[in-house]
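Fold and geometry: a report
The lines below spell out each chain.
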Amino acid sequence: MDATKSYDIAPEAVKEAWARVRSNKGSAGIDEETIEQFENKLEGNLYKIWNRMSSGTYLPPPVRAVGIPKKSGGTRILGIPTVSDRVAQMVVKMHFEPLVEPYFDQDSYGYRPKKSAIDAVGVTRERCWRYDWVLEFDIKKLFDTIDHESLMKIVRQHTDSKWMVLYIERWLKAPFIKDDGTVVERTQGTPQGGVISPVLANLFLHYAFDKWMRQEFPTLAFCRYADDGVIHCKTEKQAKYVRDMLAKRMKEWGLEIHPDKTKIVYCKDASRQGVHENISFDFLGFTFRPRKARSKRGEIFVSFTPAVCKDALKAILAKARECKLHLRNDKTLKDMSNVFNPILRGWVNYYGKFCKSAMYSTLQRINRRIMRWAIKKYKGFRKKPKLAAEWLKGVAKRNPELFIHWQMGINSIGP
């Protein structure tokens with residue numbers, strides 16, 4: 001360790017942190033410096049971060065507050081740190097996350113190594129077949145309301161590293177700066193958008209929720225993805241009791257269960273009878289509800305299972321409109337494939353995991369936008385949409401590799 005430095009932080013750790021930040025990309029912070037601009041003076045920038053962090057003089061700059069519209073209405077505030085600050089946060093995350101990760105619950109899936117949202121959907125699907133009832137819950141404004149004092153007490157339980165504790169506490173207190181220049185001091189919460197924030201939020205909820213569930217309701221299964229979760233119950237009465245106890249528990253920790261996004265659902269299928277108010281719920285972009293399914297023997301039956309939700313389908317079409325495929329008549333079909341196919345692949349790989357047929361009509365509508373491109377590009381198709389549709393179908397059969405949904409056989413034009 002350098003005798004002039006207060007903390008033993010390896011320069012190699014800062015370089016590794018930069019590599020991770022660079023691969024994650026992201027927007028500029030309040031200094032308006034981009035990833036590319038930071039990289040232009042990389043050696044000096046990384047030395048400056050290492051020098052200040054290892055001497056204890058690193059002070060996080062304010063966080064740029066950006067309002068993002070939520071699918072359910074309202075606005076979610078993201079806190080965008082500068083590129084330099086993201087690198088500094090990554091240094092701490094690389095050291096702190098391995099200390100807490102072994103303590104986290106197996107049914108906590110959000111922002112964790114080797115766990116994903118699709119894993120959470122899959123395990124929830126199987127449990128809906130075993131339990132009759134689900135308590136779906138959402139923690140209101142989790143990243144905005146985490147209590148700093150309680151969180152720092154937990155952080156100190158998991159590390160005696162003075163420099164990690166010092167910088168985590170500084171990041172929690174770093175103010176927001178809005179687009180109009182207003183400075184907002186922060187006394188609670190950890191900015192959604194920060195590199196270290198997901199680990200801290202998971203740590204807080206590990207004690208506020210996960211451990212509590214294991215102690216109070218050891219026979220019930222649950223799945224949590226950050227601030228969204230489901231608890232599987234045996235009866236409606238039990239679900240109501242758990243809901244009330246959960247609300248009480250969250251209040252004790254300074255949190256609140258969202259009243260409009262928390263409900264009790266009956267997992268109705270062919271074997272479950274009766275009329276109930278709620279027989280569907282949304283979780284991580286999927287709607288769980290009774291659907292027709294086919295057994296291995298080919299028999300049709302009703303199963304309680306997930307498929308892509310309506311809001312996600314609307315978002316897919318909105319993104320397709322934003323790309324304005326039909327107006328790019330200066331491009332070739334291969335050009336458009338290079339731009340749009342990676343986006344399509346992400347949707348299909350995620351939403352196509354369960355009941356992929358629910359995506360078909362939306363994918364057909366994307367074909368319609370490609371057909372509109374062909375009509376604008378080729379004079380022979382003008383005023384002849386049927387001819388354009390047949391042409392597109394032929395291209396899809398000959399070159400299915402152009403668009404991933406063509407490889408699924410979705411080569412017709414939807415409504």
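Along each chain, residue indices are assigned from 1 in the same order as the chain's sequence is written. Owing to the predicted nature of the model, reporting of local features is limited to residues with pLDDT of at least 70; listing and counting of side-chain atom pairs is limited to 80 or more, with chain, interface and lining totals taken over all residues. Derived side-chain values reflect all non-hydrogen atoms in the structure, with water molecules and hydrogen atoms excluded from consideration.

**Here's the deal with the environment of Phe 204**
- Among the secondary structure elements, Phe 204 is positioned in helix H9 (residues 197–216).
- Through-space distance from the C-alpha of Phe 204 to that of Glu 149 is 11 Å; in sequence the pair is 55 residues apart.
- What makes two residues a contact is simply this: any of their non-hydrogen atoms within 4.5 Å. Residues in contact with Phe 204, not counting those within four places in the same chain, are Ile 146, Asp 147, Ser 150, Leu 151, Ile 154, Trp 253 and Leu 255. By the criteria applied, helices consist of DSSP H or I runs no shorter than four residues and strands consist of E runs no shorter than two, each listed in order from the N terminus.

**Side note on empty space enclosed by the protein**
- Only protein atoms enter the calculation, which uses a 1 Å grid: trapped sets of points that fit a 1.4 Å probe without letting it out are cavities, open sets showing protein on both sides within 12 Å along at least five of seven lines are pockets, and any residue with an atom within 4 Å of a point is a lining residue. Grid points are joined across faces, edges and corners, and a volume is the space filled by probe spheres set on the points. Considering all chains together, one arrives at 1 cavity of 30 Å³ or more under this definition.
- Lining the largest cavity are Val 63, Pro 81, Gln 89, Trp 171, Ala 174, Thr 190, Pro 191, Gly 194, Ile 196 and Ser 197.
- In terms of residue class, the lining of the largest cavity is made up of 6 nonpolar, 4 polar and no charged. Residues are grouped as follows: Ala, Val, Leu, Ile, Met, Phe, Trp, Tyr, Cys and Pro are nonpolar; Asp, Glu, Lys and Arg are charged; every other residue, Gly included, is polar.

**Notes on the packing of aromatic side chains**
- Within 6.5 Å between ring centres, the rings of Phe, Tyr and Trp (the latter by its six-membered ring) count as paired, and their orientation is classed by plane angle as stacked under 30 degrees, edge-to-face over 60, tilted in between. If you walk through the whole model with that rule in mind, you get 24 aromatic pairs.
- For the ring pair Phe 137 and Phe 209, a centre distance of 5.1 Å and an interplane angle of 45 degrees mean the geometry is tilted. Taken together, the residues Phe 137 in strand E3 (residues 133–138) and Phe 209 in helix H9 connect sequence positions 72 residues apart.
- Ring geometry for Phe 204 versus Trp 253: centroids 5.3 Å apart, planes at 80 degrees, classification edge-to-face. Of this pair, Phe 204 sits in helix H9 while Trp 253 sits in the loop between helix H10 (236–252) and strand E8 (263–266), and the two are 49 residues apart along the sequence.
- Cation placement over rings: the criterion is NZ of Lys or CZ of Arg within 6 Å of the ring centroid and within 35° of the ring normal. The ring of Tyr 109 has Lys 115 lying over it, and the distance from NZ or CZ to the ring centre is 4.4 Å.

**Remarks on the pairing of E3**
- Note on classification: 1.4 Å probe, protein chains only; a residue is buried when its accessible area is under 20% of the maximum for its type, exposed when over 50%, partly exposed between these limits. The element E3 is largely enclosed, with a buried count of 6 among its 6 residues.
- Of the two faces of E3, the one lined by Trp 133, Leu 135 and Phe 137 and the one lined by Val 134, Glu 136 and Asp 138 are each fully buried.
- Across 6 bridges, the pairing between E3 and strand E7 (residues 228–233) is antiparallel. For Phe 137, the partnering residue across the bridge sits in E7 and is Gly 229.
- Between any two strands, pairing holds if DSSP finds at least two bridges. As paired elements, E3 and E8 share 4 bridges and run antiparallel to each other.

**What to know about the sheet that holds strand E9 (residues 281–283)**
- Pairing within the open sheet is antiparallel, and its 3 strands lie in the order E9-E10-E11. With one partner strand each, in any of the chains shown, E9 and strand E11 (300–308) form the two edges of the open sheet. Between one strand axis and the next, the sheet turns by 50 degrees as a mean value, whatever way the strands run.
- As judged from the 3 bridges shared by E9 and strand E10 (residues 286–294), these two strands associate in the antiparallel manner. Within the sheet, the bridge partner assigned to Phe 281 lies in E10 and is Phe 288. Lines fitted to C-alpha atoms define the axes here, with helix axes fitted over just the stretch in contact, and angles between the N-to-C directions of these axes take values from 0 to 180 degrees.

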